[in-house]
Amino acid sequence: MASNTPNLNLYMKDPVTEGNDFFDIKTMMNDNWRAIDTFAGSTKGSLEKATKFVVTSDMFGATGNNTDQTQAIQNALNYLESVGGGKLVLGAGTFLLSLAKSVHSKACILIPAGVTIEGSGMGVTILKRLESERNQDGVLLVNKDYDTKGEYKAAGNITLRNFTITDGDVTATPRTYGDLIALGHADNVLIERVGSLNHDQHFVDVCGSRNITIRDCMCNNLQDTYGSATIQIDRAKSLGIWGLLLDDTNPSNVTIEGNNITSISELILQLGHGKSTVEDLSVVDNVITCANTAKGQIAIGNDEDTSISTADIEDNKIELNNINSAGIYLVGDPTNKFENISISSNIVTGKMRAAIFVGSSTMPSTFANFKNVLVSENTVDMDIRESTSTHYISGIRVSNGISAAICNNTVRFACQGGGYADAKIIRADSFKDILISANQIIMADSNSRTDAQLYGIQLEMDSAIANSLYCKAKIISNMVLGTGYRWGISERGGVNVSNFLQAVVSQNNVYDDAPMQGHYHESTPSLDGTNNLQFVNFESLGFAATGPVLTIQSAKTYTFVSPIRKSGITQTAYTTSGTMFFNPISATAFGTDAEDIETAYWVEGSTTKFVGTVVSKSVTGNDANGRVINTLTINTGNAGCNMAINPTDHTGSIRSSGYLMLRVGV
């Protein structure tokens, strides 16, 4: 029976079922051969083109023999452009690039659309600027039409991978303008596994481009020239790429991920430059080492005249090595905006002035457009022990905005000695709505300080804002641990600020038996009267105790000054709340055999019997630092410390001794 083949639709007859009368072998074969030829003709062009998608550099004379290869590489790229795109594979060796042999006056190599340049590996394939042009402005690699097509219409769909690119050895006379790799008006570019050595300006400059990914690159820059950020994000404007078409197109959807960068330049990742507005930014899982010990650096930052909208800065590891350095430093003037910014799970270590700072360094007359800023789960280990004159030190700071939260961060702060002033480990200035919650602050060696300017947490409201707008703040469940600081937690502001600040300061644990001024400073009583609970460390108060566990006996009195010290309020407004925990077994049995404090009174003859433990307090005045002096007294009953009630028959078992923990708050 007649049928057709499934792919080429060739006609077939079955000579048995059809019969020899209907089987014409010549006619059938001619028809089928015509079908085969038609198919071959339609696919010949595609097959020929497919074999030309991948070319090697040596096919065009680029051999990597440490000579000028500019023309050969450009010829290979031009060929790939003529066939609709493809891959150029560079072999091992050093390929020198120059403007002298380029087809462009400001760039050595122009990369057309749809092209991949792939080397044989970082450190194996090296693209290098010609030494004689080291002080001549110009870009090494740039996408084609960056200087003639605006918006995102220049060459895109480009991939660069598996090679090293460099300006050459460190020199005293580098060029001042031009990048290793520049992207202008591009759409969809991937740069991965590219190594960069010394760059006179930028390793990668992203100008007015979108959908850009830079990942898994290794960068080592020992050339310290002004403005030489390793990666810069910019708009299409006059300070952008050398020769760029200027139409003010902004960058968007830029990912910087998994890179390992070491540099001595002033700024490493520049997330905004020249009045740009950057949208949809991801800076994730990078390792950044600021290796300059002689001057301050910024690992991740921006220009103050730029805006950032929707950014995720997460899981980066930053090492700083100068007391004037900063880790993540997003600072803008009040006319710009930061919104939907998440800074989370980063690790910032070393010598620095600030670990994380988001906001404005200028006090505006109203709240700046900085909103939805989250700083969470970061680990900061900062060492300022070598500082002698640095001011405005902060671990984590947000300043002059609408809404922000600082939550679940850990800050270790080593600050032995020094004559610096105004050190606030966590600081919030003039935010309309601010939450500071569940942070851990650990101060080491702070007892060696002499200037009494160290604060654990400070909330400050600028009077210029406060006189017209309210600030709502919550400082909840934080821990401050240290010795010799000025205030553990301080809420304060400028003129008449107290009328405009609504603060809840509650359930924070501040550990220090001898702060220079006190645990808490409140310009007015906070809204929550059960604030700042902590266990009393009886051992540090001179009792026979194990840390916060006091061994008690019946018919005893234990009197001490409360370790909770608060200033800024009157004695009559000072309140104390307290909770007692008791167990009859040992100093370590609170987790397994804690009992409620039970109290009972009865009269035997003319004697009143009392079982139980009570706490009383008396306010005796203020000390020289303005702290309320609050004396607490623990009294145990003359017949026992406590009484355990049998749940079956409700009889009492009197405890003549036991172990007590006291948690108090104001």
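Residues numbered from 1 in each chain as written. Predicted model: local features only at pLDDT ≥ 70, side-chain atom pairs only at ≥ 80, totals over all residues. Heavy atoms only, no water.

## Comments concerning the confidence of the model for the protein chain
Consideration 1: For the protein chain, mean pLDDT is 85; residues scoring 70 or higher make up 81% of the total.
Consideration 2: Predicted confidence is poor over residues 46-51, with pLDDT under 50, and the contacts of this stretch with residues over four places away or in other chains come to 2 contacts. (pLDDT = per-residue confidence, 0-100. Contact = heavy atoms within 4.5 Å.)

## Remarks on the pairing of strand 54 (residues 652-655)
Consideration 1: Where strand 53 (residues 642-645) meets strand 54, 4 bridges bridge the pair, whose relative direction is antiparallel. Across the sheet, the residue bridging to Met643 is Ile654, located in strand 54.
Consideration 2: As consecutive antiparallel partners, strand 53 and strand 54 are separated by 6 residues, and within that stretch His650 has a phi angle of approximately 60 degrees, a positive value. (Pairing = 2+ DSSP bridges. Helix = DSSP H or I, 4+ residues; strand = E, 2+ residues; numbered from the N terminus.)

## Here's the deal with a negative patch on the surface
Consideration 1: A cluster of acidic side chains, namely Asp216, Glu257, Asp285 and Asp315, defines a negative patch on the protein surface.
Consideration 2: Relative to the helices and strands, Glu257 resides in strand 18 (residues 252-257). (Patch = residues over 30% accessible without salt bridge, like charges linked within 9 Å, V, L, I, M, F, W, Y side chains within 5 Å. Areas by Shrake-Rupley, 256 points an atom, 1.4 Å probe, with all protein chains shown as cover. Salt bridge = Lys/Arg side-chain N within 4 Å of Asp/Glu carboxyl O. Lys, Arg positive; Asp, Glu negative; His and termini not counted. Charge placed at Lys NZ, Arg CZ, Asp CG, Glu CD.)

## What about empty space enclosed by the protein?
Consideration 1: For the coordinates displayed, the defined rule picks out 1 cavity of 30 Å³ or more.
Consideration 2: As a volume, the largest cavity reaches approximately 30 Å³.
Consideration 3: For the largest cavity, the full set of lining residues is Ile73, Leu90, Leu97, Ile109, Ile117, Leu127 and Leu141. (1 Å grid on protein atoms, 1.4 Å probe; cavity = no way out; pocket = protein on both sides within 12 Å on 5 of 7 lines; lining within 4 Å. Points joined across faces, edges and corners; volume = space filled by probe spheres on them.)

## So, the pattern of salt bridges
Consideration 1: Per the counting criterion, the structure on display carries 21 salt bridges.
Consideration 2: Residues Lys144 and Glu81 are paired through a salt bridge, measuring 3.1 Å at the closest nitrogen-oxygen approach. Taken together, the residues Lys144 in the loop between strand 10 (139-143) and strand 11 (158-166) and Glu81 in helix 3 (residues 70-82) connect sequence positions 63 residues apart.
Consideration 3: Relative accessible area serves as the criterion here: at 25%, Lys144 is assigned to the partly exposed category.
Consideration 4: Owing to a relative accessible area of 34%, Glu81 belongs among the partly exposed residues under this scheme.
Consideration 5: In this structure, the salt-bridge partner of Arg412 is Asp381, at a minimum N-O distance of 3.6 Å. One end of the pair, Arg412, is in strand 33 (residues 410-414); the other, Asp381, is in strand 31 (residues 379-383), and 31 residues separate them in sequence.
Consideration 6: Several salt bridges converge on common partners, so that one network encompasses Lys87, Glu118, Arg161, Glu192, Arg193 and Arg215. (Buried < 20%, exposed > 50% of the residue type's maximum accessible area, 1.4 Å probe, protein only.)

## Considerations on the side chain of Thr613
Consideration 1: With respect to the helices and strands, Thr613 occurs in strand 51 (residues 613-622).
Consideration 2: Note on Thr613: relative accessible area 2%, which makes it buried.
Consideration 3: Here Cys641 takes part through its backbone oxygen, which lies 2.8 Å from a polar atom of the side chain of Thr613. (Polar contact = N/O pair within 3.5 Å; in protein donor to acceptor, adjacent residues only side chain to side chain.)

## A short note on the environment of Val480
Consideration 1: Among the structural elements, Val480 can be located in strand 38 (residues 479-481).
Consideration 2: Looking at Val480, the relative accessible area reads 0%, which means it is buried.
Consideration 3: Sequence spacing of Val480 and Met443 is 37 residues, and the spatial spacing of their C-alpha atoms is 7.9 Å.
Consideration 4: What Val480 contacts, discounting residues up to four positions off in sequence, is Ile441, Met443, Gly456, Ile457, Gly488, Ile489, Asn509, Val510 and Tyr511.

## Some points on the layout of surface pockets
Summary: where empty space remains is shown by rolling a probe the size of a single water molecule over the atoms.
Consideration 1: By volume, the largest pocket is sized at about 600 Å³.
Consideration 2: As for the largest pocket, its lining consists of 26 residues, of which Tyr226, Gly227, Glu266, Gln270 and Asp303 are closest to the centre.
Consideration 3: Those elements giving two or more residues to the lining of the largest pocket turn out to be strand 20 (267-270), strand 23 (298-301) and strand 26 (326-331).
Consideration 4: In terms of residue class, the lining of the largest pocket is built from 9 nonpolar, 12 polar and 5 charged.
Consideration 5: In this structure, the second largest pocket occupies an estimated 320 Å³ of space.
Consideration 6: As for the second largest pocket, its lining consists of 19 residues, and the residues nearest its centre are Tyr329, Arg353, Phe357, Tyr392 and Arg397. (Nonpolar A, V, L, I, M, F, W, Y, C, P; charged D, E, K, R; others polar.)

## Focus on the nonpolar core
Consideration 1: In terms of nonpolar packing, the biggest core is built from 106 residues, with Ile73, Ile165, Ile191, Phe203, Leu271, Ile300 and Phe413 touching the most fellow members.
Consideration 2: With 7 residues, strand 34 (residues 421-437) is the largest single contributor of residues to this core.
Consideration 3: Once you skip the residues sitting within four places of it in the chain, Phe413 turns out to touch Met382, Ile384, Ile393, Ala423, Ile425, Ile442, Met443, Ala444 and Leu454.
Consideration 4: Ranked by size, the runner-up nonpolar core spans 14 residues in total, among them Ile552, Ile634, Cys641 and Leu662. (Core = buried A, V, L, I, M, F, W, Y, C linked by side-chain atoms within 4.5 Å.)

## Brief notes about the pairing of strand 24 (residues 307-314)
Consideration 1: Relative to strand 24, strand 21 (residues 277-284) runs parallel, the two sharing 7 bridges. By the bridge assignment for strand 24, Leu281 is matched with Ala311.
Consideration 2: Two strands pair when backbone bridges link them, and strand 24 and strand 27 (residues 337-344) are joined in this way by 6 bridges, in the parallel orientation. Counted as the bridge partner of Ile308 is Phe338 from strand 27.

## Some thoughts on helix 3
Consideration 1: If you check helix 3, its first and last C-alpha atoms are 18 Å apart, about what 13 residues at 1.5 Å a residue would give, namely 18 Å.
Consideration 2: For helix 3, every residue scored as buried is listed here: Thr70, Ala72, Ile73, Gln74, Ala76, Leu77 and Leu80.
Consideration 3: One or two residues past the end of helix 3 sits Gly84, with phi positive at roughly 95 degrees. (Expected span 1.5 Å × (residues − 1).)

## What about the packing of aromatic side chains?
Consideration 1: Following the criterion strictly, the structure yields 10 aromatic pairs and no others.
Consideration 2: Ring centres of Phe538 and Phe543 lie 5.9 Å apart, and the angle between their planes is 80 degrees; this geometry places the pair in the edge-to-face category.
Consideration 3: One aromatic cluster is present, built from ring pairs that chain together Phe538, Phe543, Tyr558 and Phe560.
Consideration 4: Lying over the aromatic face of Tyr455, Lys424 brings its terminal NZ or CZ to 4.9 Å of the ring centre. (Phe/Tyr/Trp six-rings, centres within 6.5 Å; stacked < 30°, edge-to-face > 60°. Lys NZ or Arg CZ within 6 Å of the ring centre and 35° of its normal.)

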